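# Structural overview for review
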Amino acid sequence: MRTLISTKFLFKKSLKPIIIFYAILFTVLGLLFIPEVEQDSNSNIEMTASIFLFAIGLNFYKEEFKFGLVNGCSRKTIFSAGILSLLSLAGLMAVVDTLTTKVMMALFDYKPMIERIYNRNYGTITGMLEGFLWAFAIYSLVAVTGYFITILYYRMNKLMKVVVSVGIPLLFMMVLPYLDSYLDGVIYRTIWNFILRVFGLYNTVNPYIAIASFFGGVIIFSGLSFLLARRAPIKD
């Protein structure tokens, strides 16, 4: 019961920034009706929403954790409510974006990301369902990934935060390029092939592989988040 109540509380708390996000998005889209404004068929609703949900996930733990403990919730309840509310937000935004995309396609020369990547016909019922599932899956993944990162940083001491914050950019900007050139491009080819497999584009074009991969990532990052959150101490 407490999990359900906490989930509803966190969900409602996050509705305000989502309303602001869509107010800005719809204002920008509304500018397309002005003849002088150039229409850009490469604009990407899904990418914008993904970045927004990732930011939501990054700011979804510390205050909620302390608030939950003060109100007698266990760490498991706080974690479960956090994951469920993020998935609910992802589902809500996937529905809104699916309907928005349908309207955009009817009014402008607009192609959603799934149509551009997989060459699917978004205009059919099946295409819309695939678009919703794909958006829901990737939105859930980025939100839970952000949630995992914020819990990970919460559990780190100051030294580890500095090491990770500096070390990871150095790894991708200096170490990996050097090793990749030394190994004749093996590292980046492996990474690229992995990305293609995850997105269902390795020797095939299948959005359902991507959907399954994204939800698999949600399960993995949720499990890792739980391992970090179950013994999380109270910090200032």
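A brief structural summary. Computed from a predicted structure; not experimentally measured. (Residues numbered from 1 in each chain as written. Predicted model: local features only at pLDDT ≥ 70, side-chain atom pairs only at ≥ 80, totals over all residues. Heavy atoms only, no water.)

### Points about the overall build of the protein chain
Definition in use: Runs of H or I in DSSP of at least four residues are treated as helices and runs of E of at least two as strands, each being numbered from the N terminus. Any residue under 20% of the maximum accessible area for its type is buried, any over 50% is exposed, and the rest in between are partly exposed; the area is computed with a 1.4 Å probe on protein chains only. Should any heavy atoms of two residues lie within 4.5 Å, those residues are considered in contact. Only four residue types enter the charge count, namely Lys and Arg as positive and Asp and Glu as negative; His and the chain termini do not. By convention, charge coordinates are those of NZ in Lys, CZ in Arg, CG in Asp, or CD in Glu.
When its secondary structure is counted, the protein chain shows 9 helices and 0 strands. Secondary structure of the protein chain in N-to-C order comes out as α-α-α-α-α-α-α-α-α. Judged by the C-alpha coordinates and their principal axes, the protein chain covers about 55 × 50 × 35 Å. Sorting the 236 residues of the protein chain into buried and exposed places 39% on the buried side. Of the contacts made within the protein chain by residues no fewer than 6 positions apart, 77% connect residues no fewer than 24 positions apart. Across the protein chain, the mean location of the 21 positive side-chain charges is 19 Å away from that of the 13 negative side-chain charges.

### Some words on the packing of aromatic side chains
Selection criterion: Any pair of Phe, Tyr and Trp rings, taking the six-membered ring for Trp, is counted once the centres come within 6.5 Å. Such a pair is stacked with planes under 30 degrees apart, edge-to-face with planes over 60 apart, and tilted for the rest.
With the rule as written, the count across this model stands at 16 aromatic pairs. With 5.6 Å between their ring centres and 70° between their planes, Phe136 and Phe215 make a pair best called edge-to-face. Linking Phe136 in helix α6 (residues 125-155) with Phe215 in helix α9 (residues 207-229), this pair joins segments that are 79 residues apart in sequence. With a relative accessible area of 26%, Phe215 lands in the partly exposed category.

### A few points about the packing of helix α1 (residues 2-30) against helix α4 (residues 75-107)
For the record, the criterion: The axes are straight lines fitted to the C-alpha atoms, using for helices just the contacting stretch, and the angles between their N-to-C directions are given from 0 to 180°. Small angles under 35 degrees read as roughly parallel and large ones over 145 as roughly antiparallel, with 65 to 115 read as roughly perpendicular and the rest as oblique. Each crossing gets its handedness from the near helix: less than a right angle anticlockwise from the far helix is left-handed, clockwise is right-handed.
Where α1 meets α4, the closest approach of the two axes is 8 Å, and the angle between their N-to-C directions is 30°. Between α1 and α4, the crossing angle belongs to the class labelled roughly parallel. Crossing geometry of α1 relative to α4 is assigned as right-handed.

### Comments concerning helix α7 (residues 158-182)
We count it as follows: A helix is expected to reach a length of 1.5 Å times the quantity of its residues less one. By definition, a residue's bend is the angle between the axes fitted to the seven residues ending there and the seven starting there.
Over its 25 residues, α7 runs 34 Å from end to end, which matches the ideal 36 Å to within 8%, given 1.5 Å per residue. The sharpest bend along α7 comes to roughly 45°, located at Leu171. Buried within α7 are the following residues: Val164, Leu176 and Asp180. On its buried face, α7 sits against α6 and α8 (186-198).

### Observations concerning the pattern of salt bridges
To be explicit about the condition: Each salt bridge in this description consists of a side-chain nitrogen of Lys or Arg and a carboxyl oxygen of Asp or Glu lying within 4 Å of one another.
In the structure shown here, the tally under the stated rule is 2 salt bridges. In this structure, Glu63 and Lys13 form a salt bridge, with 3.9 Å as the shortest nitrogen-oxygen distance. Of this pair, Glu63 sits in helix α3 (residues 62-70) while Lys13 sits in helix α1, placing them 50 residues apart in sequence. Of the residues examined, Glu63 reaches a relative accessible area of 60% and is grouped as exposed. Its relative accessible area of 39% is what places Lys13 among the partly exposed residues. One network of salt bridges, with partners in common, ties together Lys13, Glu63 and Glu64.

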